[in-house]
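This is what each chain is made of:
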Amino acid sequence: MEDILWHYIGQALYMLAGLAIGYLWRSLRTGHRDYGLIKEGVCALLRDRLLHKLEKCLEGGYCTTEARDDINHMFAIYQVLGGNGTIPPLIGRVMELPVDPPEAHQ
């Protein structure tokens, strides 16, 4: 009787191990695809935030030191993720702006 019980327990564990391996294999396959989508999403969000910050600086006519640090940090990550395009020329224009607001010079 005990032999039959241990046989069924062994079979159940074998089946659970097979299910676990199948689940992990499937997770790994879809995980690579999901990683690519997450990477593209983060890149798109960084681009949006960069453009927003760059346009705000251009509209104001100045770019604070903190904003410059934020822009440089976001752009470095954006490049690593594969982003490029219209951002570098805008960064060049923004970095030429004064650090202080125009009212502070008067």
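Before going into details, it helps to say that this report is about the structure given with it. (Residues numbered from 1 in each chain as written. Predicted model: local features only at pLDDT ≥ 70, side-chain atom pairs only at ≥ 80, totals over all residues. Heavy atoms only, no water.)

### Focus: the overall build of the protein
- Assigned secondary structure in the protein consists of three helices and zero strands.
- Reading the protein from its N terminus to its C terminus gives the helix and strand order α-α-α.
- The C-alpha atoms of the protein give 27 Å as radius of gyration, which overshoots the globular expectation for 106 residues (13 Å, by more than 25%).
- Each of the three principal axes of the protein carries a C-alpha extent, and together these read 95 × 25 × 15 Å.
- Per-residue burial over the protein gives 18% buried out of 106 residues.
- Computed over 10 positive and 13 negative side-chain charges, the separation of the two mean positions in the protein equals 7 Å. (Helix = DSSP H or I, 4+ residues; strand = E, 2+ residues; numbered from the N terminus. Rg over C-alpha atoms; globule rule 2.2 N^0.38 Å. Buried < 20%, exposed > 50% of the residue type's maximum accessible area, 1.4 Å probe, protein only. Lys, Arg positive; Asp, Glu negative; His and termini not counted. Charge placed at Lys NZ, Arg CZ, Asp CG, Glu CD.)

### A word on a nonpolar patch on the surface
- On the surface, a nonpolar cluster with roughly 780 Å² of combined accessible area is contributed by L5, W6, I9, L13, M15, L16 and L19.
- For L5, the location among the structural elements is in helix α1 (residues 2-60). (Patch = residues over 30% accessible without salt bridge, like charges linked within 9 Å, V, L, I, M, F, W, Y side chains within 5 Å. Areas by Shrake-Rupley, 256 points an atom, 1.4 Å probe, with all protein chains shown as cover. Salt bridge = Lys/Arg side-chain N within 4 Å of Asp/Glu carboxyl O.)

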